[in-house]
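A look at the structure
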Amino acid sequence: MTRMNLRRRVNFSALPSGLCLIVLCGTISCTAPSDLNKRVLLVHARGVSYSLLTEYLQSRNTKSYLKNSQSDGTLSKLHPITNAVTISNIASFETGHRSSEHGILGHNFGSFENGILKAVNGFLKRYEQETYWEKADRHGRRVLNIGALAIHGKYEAHENVDCLAQGTQTSQSKLLKLLPEISTGNQIIQYRVSNDEQITQDSSADPIQIYKKSAISPSLTIDTDLNFENGTIGELTEGDWLEINTGRKNNLNQSLRLKWTKSENDTIELYVRGSFVNRGYPAEFLSQVDSSVGPSKGWPNIPLYSSGQISEKVLIEEINAEMDYVMNVFSFSATQKEYDLIMVDYPLMDRYGHAFLQLKNSSSRYQQFYERAFDRMDKDFEQLSKFAAENNFELIIASGHGFSPIHSSINLNKVLQEGGIVTDLEKENWQARAIPGKVSSHIYINRELDDNQRKTVEGKISAILEKLTLTENGKIVTDKIYTKESLDEIGLLNDDAGDIFILLKPGYVFSSNEALPILSVPVFKGDHGYSLDHEESFGFLISDEDCNPCLTTDIAGIVTKNLKIK
């Protein structure tokens, strides 16, 4: 059942009969409604919990796109499937199927190949079910996909799909200390990196030289030599960014970004944001975006922020640069062709959730960060709504999951080892191995063990997990434990599923770094994929579609129905 959007309703009964035909012909070209194929603009606003969004809207009295969506009833809660870690959630979002059917069981899981347990990356594995955009492609509908995390579905070849995915990083980001060296004769102050590391545009280019043209110059000059006559790469003042073209890779531009973060005595701190290059397909489309909008800005460097090397101000600038790029690519590419389906991955609040959520209630400063981010999202959605209205698109905005704040990371394989379980796959007598994926983990038992041995190992692991505590407070952190036979309850019963599956309580996450101790500080301040018993797990949906409850698996059906794809 479709709910009429009150903002679009026309009362034809109030018009003179002669005008009714004119209005109808003028608005829908006299084509029978049943024959019309709607165009769809679908925005995936990852990482916005329904509870956090409604909390923001309660604090806003002025009219806005989101406020209007709430008042006219097109904003509703969206129920994620299983435990909504990013890639398995996106696979369900795009296929309309649960993990047991599309085969993506988490960020990481395992698969036995010729009896040998191998780790599987969910971002690299093809789906076992067809996505809604692949159905659109096969039916001759033109598709634009901006910001895709995984650029594959079930099939390899796509006839009618233009895809720009999140960029590929080609050089590392780092924080450098610059020390002055006085050059003789012309008072140029040249700087060198404290550890004598060189900054290069690419492997074949001359190293970048950094200097001031005089002792009182307010800016750094960036170049490959000290020759004023042949021009320079650029000027950089304290607190600003400078983007530098670093050459080409696979016929696409790549660039790194420099920021002069601060000065202390004679030392300058320089943040080098590693090079990124666009990725996607086909080559012609990618080249057009690259030449018109520029290289990818890449995802923000949350690990460097978590380790205290860059400030929250710098990180927020990176997040906004990424979002500016997404919106600029949309503005450029959405009108290049007559697309039937446009998909936009909008990760703004996902970035904020990972970086700041655990800090949000600790001070008014972080609350203001969130308010500004929501304000930006509101304005961006208003821009997308205006485009949809002017170009005859049905706009659907969905967040497939929410977020929970986290504060502790657990090394699960070390926990099992301390409980007497042999986890080393190199040993012939290995018993079980955990392959963690953020807030959950699949645990696989050696298939070479006989039934009695397997039952003994399974019992020992269950006992360990049921009493999994943190020594700091003795709190049990295990939320749910499933045997393989019970995984059908949460849509995870698949050949590749673990013999045991564990979900943590909100506040905790599993570490994938085997070198870490059992308990450590996580990189992210917020994460998702917890049990659906927790209210903050739910996302939101803005649509005229009247589904109750609305599930992430419903999105594919809503899109294909609007596109009239059977």
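Everything here concerns the structure above.
My aim in this report is to walk through the structure given alongside it, one point at a time. (Residues numbered from 1 in each chain as written. Predicted model: local features only at pLDDT ≥ 70, side-chain atom pairs only at ≥ 80, totals over all residues. Heavy atoms only, no water.)

Our focus in this paragraph is the nonpolar core. By size, the foremost hydrophobic cluster in this structure holds 63 residues, and its most contacted members are Leu41, Leu53, Ile342, Tyr352, Phe356, Met377 and Phe381. In terms of residue count, helix α9 (residues 312–333) provides more of this core than any other element does, eleven residues in total. Each residue touching Tyr352, except ones within four places of it in the same chain, is listed here: Ile316, Ile319, Leu357, Phe369, Tyr370 and Ala373. Judged by nonpolar contacts, the second largest core, of 26 residues, contains Leu78, Trp133, Ala136 and Val161. (Core = buried A, V, L, I, M, F, W, Y, C linked by side-chain atoms within 4.5 Å. Buried < 20%, exposed > 50% of the residue type's maximum accessible area, 1.4 Å probe, protein only. Helix = DSSP H or I, 4+ residues; strand = E, 2+ residues; numbered from the N terminus. Contact = heavy atoms within 4.5 Å.)

Regular strands have side chains that alternate between both faces of the sheet. Burial of strand β8 (residues 189–193) is extensive: four of the five residues sit out of reach of the surface. Relative to β8, strand β7 (residues 174–182) is paired through five bridges, and the arrangement is antiparallel. In the sheet register, Glu181 faces β8, and the bridge partner there is Gln190. With three bridges joining them, β8 and strand β9 (residues 209–212) adopt antiparallel strand pairing. Following the sheet pairing, Gln190 is matched in β9 by Tyr211. (Pairing = 2+ DSSP bridges.)

Among the secondary structure elements, Trp133 is positioned in helix α6 (residues 132–138). Along the chain, Trp133 and Ile104 lie 29 residues apart, while their C-alpha atoms are 18 Å from each other. Those residues in contact with Trp133 that sit more than four places away from it in its chain are Glu94, Val143, His152, Gly153, His158, Val161, Tyr281, Leu341 and Met343. Here the side chain of Trp133 touches Glu94 through a polar contact of 3.0 Å, side chain to side chain. (Polar contact = N/O pair within 3.5 Å; in protein donor to acceptor, adjacent residues only side chain to side chain.)

Listed in full, the buried residues belonging to helix α7 (residues 283–292) are Phe285, Leu286, Val289 and Asp290. Viewed along the axis of α7, the buried residues span an arc of 130°, placing them on a single side of the element. Along α7, exposed side chains directed more than 90 degrees from the buried face belong to Ala283, Glu284 and Ser291. For α7, the elements touching its buried residues are β5 (143–148), β6 (161–169), β13 (252–264), β14 (267–281) and α9. One or two steps after α7, the chain reaches Gly294, where phi turns positive at roughly 115°. (Arc of directions from axis to C-beta.)

All right, on to the packing of aromatic side chains then. All told, the structure shown has 14 aromatic pairs when counted by the stated rule. Seen from their ring centres, Tyr366 and Phe369 are 5.4 Å apart, and the 85° between their planes marks the pair as edge-to-face. Pair noted here: Tyr366 and Phe369 are both in helix α11 (residues 364–390), with a separation of three residues, about one helical turn. Overall, the relative accessible area of 9% leaves Tyr366 in the buried class. Take Phe369: its relative accessible area is 10%, and that puts it in the buried class. Through successive ring pairs, a cluster of aromatic residues spans Tyr305, Tyr352, Phe356, Tyr366, Phe369 and Tyr370. (Phe/Tyr/Trp six-rings, centres within 6.5 Å; stacked < 30°, edge-to-face > 60°.)

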